[in-house]
Amino acid sequence: MAASELYSKYARVWLPDAAEVWKSAELIKDYTAGDLTLSLQLEDGTEVEYKIDPRTNNLPPLRNPNLLVGENDLTSLSYLHEPAVLHNLKVRFIDSKLIYTYCGIVLVAINPYESLPIYEADIINAYSGQNMGDMDPHIFAVAEEAYKQMARDERNQSIIVSGESGAGKTVSAKYAMRYFATVSSSGETSVEDRVLASSPIMEALGNAKTTRNDNSSRFGKYIEIGFDKKHCIIGANMRTYLLEKSRVVFQARGERNYHIFYQLCASSHLPEFKAFKLGCADDFHCTNQGRSPVIDGVDDAKEMCNTRTAFSLLGICESDQLEMYQVLASILHLSNVEIKDQSADRSSISPDNVHLMVFCELMGVPCEEMAHWLCHRKLKTTTETYVKSVSKMNAVNGRDALAKQIYAKLFSLIVGSINDALKSAAKQRSFIGVLDIYGFETFDVNSFEQFCINYANEKLQQQFNLHVFKLEQEEYMKEEISWTLIDFYDNQPCINLIEAKLGVLDLLDEECKMPKGSDDTWAQKLYNTLLKQNVHFDKPRLSNRAFIIHHFADKVEYQCDGFLEKNKDTVNEEQINVLKNSQIALRLKLFDEDEKETGSTKKRTGVTGRAGPSQRDNKKTVGLQFRQSLHLLMDTLNATSPHYVRCIKPNDDKAPFSMDPVRAVQQLRACGVLETIRISAAGFPSRWTYQEFFSRYRVLMKQKDVLNDRKQTCKNLLEKLVKDEDKYQFGKNKIFFRAGQVAYLEKLRSDKLRMACVSIQKTIRCWLARKKYVRMKDSAITIQRYVRGHQARCYVQGLRRTRAAIVIQRNVRMWVNRRCYQQQRLAAITIQCFLRAYMARKQYYKLMFEQKAVVIQKWVKGWLARQQYKRTMAAIVLLQSCVRRMQAKKELKKLKVEARSVDHFKKLNIGMENKIMQLQHKINDQQKENKELRERLSVVEKTQSIERERQSTEIEKLRRSEQEVRAKAETLPSLLEQLSFLQHELENTRREKDDLEEQTKVYKEQTQQVVEELNMKNSLLNSEKDELNTLVVEQAQKLTEIKTNVENTKQLEKDLTEERSRYQSLLSEHLHLEERQRDLKEKMELSNQSSSKSGHKRTDSNYSSNSSEFSHSLSSTEGEDSSIQTEDETQAKVDLPVLLKLQRRVKELEQEKQSLWQQLDKREEAQQEKAKEVEEQRTVGRAELDLETLKRQELESENKKLKQDLNELRKSLTSENSELMPPAPGTLPYEVLMEQLTSSNEELDMRKEEVLLLRSHMVRQEALKHKDSLLGESVKLDLSEIPSFQDVDRSLDIHTLNEDGELWLAYEGLKETNRFLESQMQEQERVHSEKCRNLLEEVNKLKVEKEQQQKLLAQSLLLPEDARIDASLKHEILRLTNENLEHMDRQEKQDKNIRKLKKQLKFYMKKVGDFEANTQQMNDASAANAPMRAVTITRKEKEYQGMLKYKEGEENRLLKNLVIDLKPRGVAVSLIPGLPAYIIFMCLRYADNVNNDRRVSNLLNSTISSIKGVIKRRGGDFEAVSFWLANSCRLLHCLKQYSGDEAFMMHNTAKQNEHCLSNFELSEYQQVFGDLAIQIYCQLIKCMENVMQPLIVASMLEHEAIQGVLGSKPTGLRKRSTSFPEEEAVTVEVLLQRLGLFHTTMSQHGMDPDLIKQVVKQQFYIICAVTLNHLLLRKDMCSWSKGLQIRYNVWQLEEWLTERELADCGAKETLEPLVQAAQLLQIKKKTEADAQAICNMCTALTTAQIIKVLTLYTPVIEFEERVSTTFITTIKNILKDRGESSTLMMDGKKIFSVTLPFTPSSVALETIQVPASLNLSFLDRI
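Residues numbered from 1 in each chain as written. Predicted model: local features only at pLDDT ≥ 70, side-chain atom pairs only at ≥ 80, totals over all residues. Heavy atoms only, no water.

**Notes on the overall build of the chain**
Moving on, step 1. If you tally the helices and strands in the chain, you get 53 helices and 26 strands.
Moving on, step 2. Residues classed as buried in the chain amount to 41% of the 1822 residues present.
Moving on, step 3. Sequence-distant contacts, at least 24 apart, represent 73% of the contacts inside the chain between residues at least 6 apart.
Moving on, step 4. Surface summary for the chain: the accessible area is close to 102000 Å², and the carbon and sulfur share equals 53%. (Helix = DSSP H or I, 4+ residues; strand = E, 2+ residues; numbered from the N terminus. Buried < 20%, exposed > 50% of the residue type's maximum accessible area, 1.4 Å probe, protein only. Contact = heavy atoms within 4.5 Å. Areas by Shrake-Rupley, 256 points an atom, 1.4 Å probe, with all protein chains shown as cover.)

**Concerning the pattern of salt bridges**
Moving on, step 1. Scanning the model with the defined rule gives 41 salt bridges in all.
Moving on, step 2. Note that R663 and E164 form a salt bridge whose closest N and O atoms lie 2.3 Å from each other. With R663 in helix α22 (residues 661–670) and E164 in the loop between β7 (157–163) and α5 (169–183), this pair connects stretches of sequence that are 499 residues apart. An identical accessibility class is assigned to R663 and E164; each is buried.
Moving on, step 3. The closest approach of N and O atoms between K221 and D436, which form a salt bridge, is 2.9 Å. Of the two residues, K221 sits in strand β10 (residues 220–227) while D436 sits in strand β16 (residues 430–438), which places them 215 residues apart along the sequence. (Salt bridge = Lys/Arg side-chain N within 4 Å of Asp/Glu carboxyl O.)

**A look at the nonpolar core**
Moving on, step 1. Counting 321 residues, the largest nonpolar core has F180 and F547 as the members making the most contacts within it.
Moving on, step 2. Ranked by residues supplied to this core, first place goes to helix α45 (residues 1563–1598) with 20 residues.
Moving on, step 3. Residues I52, L700, A743 and L745 belong to the second largest nonpolar core, which totals 35 residues. (Core = buried A, V, L, I, M, F, W, Y, C linked by side-chain atoms within 4.5 Å.)

**Observations regarding unusual backbone geometry**
Moving on, step 1. Backbone geometry places E1701, a non-glycine residue, at a positive phi of 60°.
Moving on, step 2. Along the polypeptide, E1701 turns up in the loop between α48 (1680–1699) and α49 (1707–1710).
Moving on, step 3. Relative accessible area serves as the criterion here: at 68%, E1701 is assigned to the exposed category.
Moving on, step 4. The residue N1815 is not glycine, and still its phi comes out positive at about 60°.
Moving on, step 5. With respect to the helices and strands, N1815 occurs in the loop between α53 (1765–1775) and β26 (1820–1821).

**Some thoughts on the sheet that holds strand β24 (residues 734–737)**
Consider a sheet: its strands pair through backbone hydrogen bonds, and that pairing is either parallel or antiparallel.
Moving on, step 1. The antiparallel open sheet is built from three strands, whose spatial order is β22-β24-β23. In this open sheet, the two edge strands, each paired with only one partner strand, are β22 (686–689) and β23 (728–730). Direction aside, neighbouring strands of the sheet carry axes that sit 20° apart on average.
Moving on, step 2. Alignment of β23 against β24, held across three bridges, turns out to be antiparallel. From the neighbouring strand, Y728 faces β24, where its bridge partner is F737.
Moving on, step 3. Lying on the sheet, helix α13 (residues 448–479) is in contact with β22 and β24; it crosses β24 at an angle near 130°.
Moving on, step 4. Across the face of the sheet, helix α25 (residues 710–721) comes into contact with β23 and β24 while running at roughly 160° to β23. (Pairing = 2+ DSSP bridges. Axes fitted to C-alpha atoms, helices over the stretch in contact; angles between N-to-C directions.)

**Some details on the side chain of E499**
Moving on, step 1. Here E499 is to be found in helix α14 (residues 492–499).
Moving on, step 2. Judged by its relative accessible area of 16%, E499 is buried.
Moving on, step 3. Engagement of the side chain of E499 in a polar contact is seen with the side chain of K459, the distance being 3.4 Å.
Moving on, step 4. Among the polar contacts made by the side chain of E499, one reaches the side chain of H631 at a distance of 3.2 Å.
Moving on, step 5. In contact with E499, not counting residues within four places along its chain, are Y455, K459, R627 and H631. (Polar contact = N/O pair within 3.5 Å; in protein donor to acceptor, adjacent residues only side chain to side chain.)

**Here's the deal with the sheet that holds strand β19 (residues 555–559)**
Moving on, step 1. Ordered by their spatial adjacency, three strands build an open sheet running β17-β18-β19, and the pairing between neighbours is antiparallel. Of all the strands in the sheet, just β17 (537–538) and β19 have a single pairing partner and so form its edges.
Moving on, step 2. In this structure, β17 lies alongside strand β18 (residues 546–550), joined through two bridges in antiparallel fashion. Within β18, the residue paired with F537 across the bridge is I549.
Moving on, step 3. Along the sheet, α13 makes contact with β18 and β19, crossing β19 at roughly 145°.

**Here's the deal with the packing of aromatic side chains**
Moving on, step 1. Tallied over the full model, the rule gives 39 aromatic pairs.
Moving on, step 2. Plain terms: the ring middles of Y119 and Y175 are 3.8 Å apart, the flat faces sit at 5° to each other, and that makes the pair stacked. Residue Y119 is located in the loop between β6 (106–110) and α3 (121–127), and its partner Y175 is located in helix α5; the two are separated by 56 residues in the primary sequence.
Moving on, step 3. On the basis of relative accessible area, Y119 is assigned to the buried category, the value being 11%.
Moving on, step 4. Among the residues examined, Y175 registers a relative accessible area of 15% and is labelled buried.
Moving on, step 5. Ring geometry for F440 against F552: centres 6.0 Å apart, planes inclined by 65°, an arrangement best described as edge-to-face. (Phe/Tyr/Trp six-rings, centres within 6.5 Å; stacked < 30°, edge-to-face > 60°.)

**Things to note about the environment of C280**
Moving on, step 1. Position of C280 relative to the elements: it lies in the loop between α7 (259–266) and α8 (300–313).
Moving on, step 2. Each C-alpha atom, one on C280 and one on P293, is 9.4 Å from the other, the two residues being 13 residues apart in sequence.

**Points about the packing of helix α41 (residues 1475–1489) against helix α43 (residues 1518–1537)**
Moving on, step 1. Contact pair α41 / α43: the axes reach a minimum separation of 8 Å and the direction vectors enclose 35°. Two packed elements cross with a definite hand, and for α41 against α43 that hand is right-handed. Listed contacts from α43 to L1475, P1476, A1477, Y1478, I1480, F1481 and L1484 of α41 are F1523, W1524, N1527, R1530, L1531, C1534 and L1535.
Moving on, step 2. Looking at the contact of α41 with α43 residue by residue, the class counts come to 12 nonpolar, one polar and one charged. (Left-handed = near helix turned anticlockwise from the far one by under 90°. Nonpolar A, V, L, I, M, F, W, Y, C, P; charged D, E, K, R; others polar.)

**Brief notes about the confidence of the model for the chain**
Any segment with low pLDDT has predicted coordinates that should not be analysed in fine detail.
Moving on, step 1. Summarising the model, the chain shows a mean pLDDT of 78, and 78% of its residues fall at 70 or more.
Moving on, step 2. Within the model, pLDDT remains below 50 along residues 1090–1137, and this stretch shows 40 contacts once partners closer than five positions in the same chain are excluded.
Moving on, step 3. Confidence drops under pLDDT 50 across residues 1422–1437; counting only partners more than four residues distant or on other chains, this segment forms three contacts. (pLDDT = per-residue confidence, 0-100.)

**Things to note about the pairing of β19**
Moving on, step 1. Burial of the side chains of β19 is restricted to one face: V556 and Y558 are buried, whereas none of K555, E557 and Q559 on the reverse face is.
Moving on, step 2. Pairing between β18 and β19: five bridges, direction antiparallel. Within the sheet, the bridge partner assigned to F547 lies in β19 and is Y558.
Moving on, step 3. Here β18 hands over to β19 after four residues, the two strands then running antiparallel side by side.

**Some thoughts on a nonpolar patch on the surface**
Moving on, step 1. Side chains of I760, I764, W767 and L768 sit close together on the surface and give an oily, nonpolar patch of about 410 Å² of accessible area.
Moving on, step 2. Within the secondary structure layout, I764 lies in helix α26 (residues 741–928). (Patch = residues over 30% accessible without salt bridge, like charges linked within 9 Å, V, L, I, M, F, W, Y side chains within 5 Å.)

**Re the environment of Q1575**
Moving on, step 1. Secondary-structure assignment places Q1575 in helix α45.
Moving on, step 2. Expressed as a C-alpha distance, the spacing of Q1575 and K1508, which sit 67 residues apart in the sequence, is 9.1 Å.
Moving on, step 3. Filtering out sequence-adjacent residues up to four positions away, Q1575 remains in contact with L1071, E1075 and K1508.

**Here we look at helix α9 (residues 318–335)**
Moving on, step 1. With 18 residues, α9 extends 26 Å between its outermost C-alpha atoms, agreeing within 8% with the 26 Å of an ideal straight helix rising 1.5 Å per residue.
Moving on, step 2. Summarising burial for α9: 13 of the 18 residues are buried, a large majority. (Expected span 1.5 Å × (residues − 1).)

**With respect to the side chain of D136**
Moving on, step 1. Tracing the sequence through the fold places D136 in the loop between α3 and α4 (139–153).
Moving on, step 2. With no salt bridge to any partner, buried D136 finds its closest opposite charge in K1748, at an N-O distance of 5.4 Å.
Moving on, step 3. When sequence neighbours within four positions are dropped, the list of residues in contact with D136 reads N72, Y102, Y127, L1673, R1674, K1675 and L1752. (Lys, Arg positive; Asp, Glu negative; His and termini not counted.)

This is the structure in structure tokens:
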């Protein structure tokens, strides 16, 4: 491919620039070979000429297509060079706000200087288990790759985090450790916490503020995190490198010392730190040199608390911590020790130096000795020892050296303590090392520290280069392609210059051994030895005390000053000896093990500078120690699989998301990223699988070129397109391309698509133009036709108008003449008419006058005759009425006398009975006498005959009276007429009432004065009321400000669901802990094999845990209720939301309760209607009696109406509220009314007596109805059993009174009416007393309320306005709650009464029905013969009671066969759903029936334990979990259905109600089984999630069901992988099949439909959460085509819901965030209107999610455009006021709170049979 093809017009290139490093430009004209310049145009429009060297032909680097910009992996760029890398990082960092980018095997992390929400637990869960190329670059992806390789390959791993100060190394290492602690969490969570707790301690002791970073690590550390065989963290070990000790005594301006010193000073006010005598950080010399004691946004006191918490978490006791802080405080005081100069070589310290005294006191050493040896030193010779004073400068240096030595020792000690705390007794299987080490450093003045740092980076870079080269060559060998050795930069010569023999470090150690060695002599040795022998060594031109080393990143000039002193790291031995004499344990640990530490460097926890006590020759230099530790580190890294993280500092100003290109390029060169790019570019950086290449570049082929063999097809295409075979290679599975080839292919592809677009546009434009021409032609013809027609119509219309004008003229002339003639003729006729009419009327009036006179005479004569007739008739009628009234009164008196005579006869008869009995006794006595008493007997017989004759005569009289009563009964119509007459009289009284109302006006005027007085009082009260109203209005105005908080009440339902979900989560945690406890017990039991009763103990623990569960739930609910009641009185301010929640919840419960009662009432009404129909059918044969009762009811109703009318009249006359007062007593209207009332009362009394007579007559007819029957006596006995008709004690007296019992029946009728009237009177008295009592209660309540309001008003007036509002609100809420509670109590009482009355009504109806049925059966029996009665007898079958009998102690056998060993598949297919639950409940019924509480508790507890055991063992089997969830719910429903509670018995049959539990109330076990069902539900969701998790992403995102020409974009080294091979691709159909299998399984197991809907809703939420989370973390998935694919997949899910009739379960709503995200990918994203539409559409997405999707939106083809930053800013501004959570990810672990609605079973327990396949033959049906 020639350069002229690439450097054509409009091609874009990169030009070097001093400020921006690289600048983009575009070619104005094509380049041809041999041109010396390129004509370019910059982005700002400036045209430039780029000169080309003809010898090297150095063309500027080409720019990648826009399609490849912003890729996740830099190696996926077609052109791999420095400007492409820099531009890609800049676009991702600034435009897309992405801080992580892959560069082959390296993760480039740019410090954002801003907190980002990308490290939460849900992000960790999203990256867990994912391949590295599947997700967007992240530190979690690198950590997951290391963890996965460790678990898969059983090989140790290491993560190397490097970068300069301020690049974010420490944070990256911290997040990697957090990831390991999260994904590998074991049972002991404290291990992970301890590992993470080491970070704040090391940051406090080893980090400090520098000019580049506020939290810069001033040491290197390598942390090995140990894992066991289950890949769970068991411990850790830390190694440290090169602590910057000089910072303890010196800080540059703008920097700080280590954080721990400032934390101590900030916490000096604490009691435990008072003894340290600390103060402000500015008071100490070692903390005030930088003059920057405070870091913005950092609270040192709070950080101190975190540090102490971390120490405690690691197991370091408080006393050891205080000793450490005491040493640190002594260092602060030591830095303030002032040394005075006495002479040139002498110095001294004041004996009263406060800081020295405090230092010595804290260190526990004598003050005089320390003061002496700070100013003197000891010199030893072979024979003598001399004590020599030192100068002030040397003394100060010695003091600082001592401070540095103490801090270094303490640092090493703390690291050792941390390692001891993190050490695990378990065997370590593997480890992952995290290396947090300084990056390449170059400053204006570079010293020994920078030399060691850069030496370490040289070693790490060499290891990195070898690893990259190795991976590159392995890939080529794996694919079996021909390759040449890649030349890469080898920095071994530079390493040899530093560490080889006679190298820099060797010469430095040699000079340190010289007695008079100095930095100058060492520099001269370097010049003499290395200057001409090594090209990497150089000497500055203007200095003899410095040297230059050419490192891999840059050349660095080092100043020799201080090298020897820092390498020696010497401390005055006598000062150390003084410190060793301290008796405190910590000081002994610091200084007594130097020899041991120097002798075993490999076992040390920290490698920092050491102080040698006496053996100078054996003491290792710092350089030697660092070299040895570095070699040890490299050996460790080479033995592991490394993973690289390169941290980049974008700018020196710490500005968020701002990049300085110059600084970025420097670090990219220094950290080896560009070297990685160079190695990749030297080989084949672009790699495609054959299928990916075919899918992407299918558009470049013709149909005939497509073969079945994809590999051969790709080869043919490449050979045709790329002529140079060196530009690509064919491997076994991939095609390898040189740099730039993918860009060339993309150019060909875009040209092809552009040509296709042009062809499509050409055809469409031709079609549109032709269509437009045809439309214009048709329009022209139509216009012509309409114009010509309009012209013709206008011509015809003109002709018609002319003709019409002529016709009109003719007719108008004719009309005028005719009108004139008619007017003349009409006038003549009118005159004649009036004249003739006048004459006729005159004659008519005359005739009429005569006729009227005759008629008047006729009518007057007739009227006089009628008046006379009417007077006569009125007199006759009045006379007749008087006579008839007298006759009626006589008749009435006669009836009354007859009624009284009945009582007289009764008394006489009672006497006669006694006489008869006496006579009978006498007869018996006289029969004993023979002849003497015969005469007396004959006399007695005569007297008896006389008495019988007299009684017969009396009976005849009674029969006559009966006939007379019958005759009077026939006079009922006349009585009805009289009743109508009374009604007419009542109407007249109403009219008279209206007249009386007019008279009350006078009374009203009299009462007006009283009303005015009351008005005065009312005005006073109104004034007080107005004042109160003004206060209320003021409070209302203030309440408007508070009403903004009322919106919180909308969250109460959410809070309720959250509380429910929180309770369920706590329940799951409790059960999880319970399982862990059980596991630990099992382990202990296995270890203690000698104990033989372990199984019983486990059963007891299970029982106790179960009981504790429901007791805890009960106590919690009771505690909540009691807390609400108490806190309402004392802390109402806190409990107002609780009250509102409770009120709303009470309302909801009341509504549900009312709805349930309504359903119950409806069903009872239906039953009553059915009963009424049955009764109506039974009463068909009683027509005659019903007719009599109907008449009686009509009379009673008429009497009631009359009573009502009278009562209304009385109320209207005596009402105090009426406007017109009643007439005063004694007045004429009052007496008239009283007479009318008395007359009407007499009439009513008469009607009552008539009604009583009718009742007695009806009773008699009822008795006589069965007189002639064969079983008349038995009927009388039945009647005697009814107390309303007869008395049992007097059943035999009926025949003694009279033969047919008429007299006695009449008497009983009167008694019954009297009883009825008495009961009515008693009822009225009771109602009246109850009303009075209620009124008194209301009055007392109103008094109490009044007193409370007065107290509240008095108190509120004393309070300020805000407190007054709060007080009023509290009082109002309390009042409303009390009223609500009272109303609820009343309603409950009323409901109870209603239910009680309904039950009584049902009972009485049942008794009446049974009585009628018995009488009917007796009648049928009397009418039928004996053989027929024998036929009706049926033999009853054997009935079962729905119980299973089992022996005591067989519970374990029962549950083993029914629960533990049961296979759900066979039960679900062949038997009824929920059979195990029914069997267990039938056994429970037997235990309840025998009233054995121990058997009940054992059975239930064993059942719970068995089900938990099955779920624990088979928790991953969806079928088993679903089966036992369905059976647990069914058992819970059975406990409720047969509990005897009316709320659960509504749907039961009568037989089911008989099966209710009778002896035990198991509501607490209902709660336990509810909790068990919730636990199984959570396990079901987890099991289902584990099955669905690998299918969701592959089916919803990765699989492309809608194939198109888009294909896939080029990818880099880390290609996206799938978990399934291509032939087994996971589609949405596979996911739907899995969902269908879940649904079918649950349905077969008989799970409640509502519960199935909740499971489906949870399934769809998991699908939405996982898909959306992966979409938010995968840049390659955010495109227009992927949005279309997602919407198609969602549509298939919705169709599945519709087919299963689950559209109303709420699952569609859970998919709304995913649908809106897909719409967001497809919607237009340019204008402000588009932004507003997006904000209105995406209501289910958070602001962070919307911004993330827009930021990640990536074009797949060139015709798409990226989302501009201005558009994203517009979206942010619109959504800034949206109040929502700022979380980015959906909570994939969220489980909706589950509800278990009661579902009664229609299965009858007595019909259930136990199949033989269950092996339960020991159970017996009862």
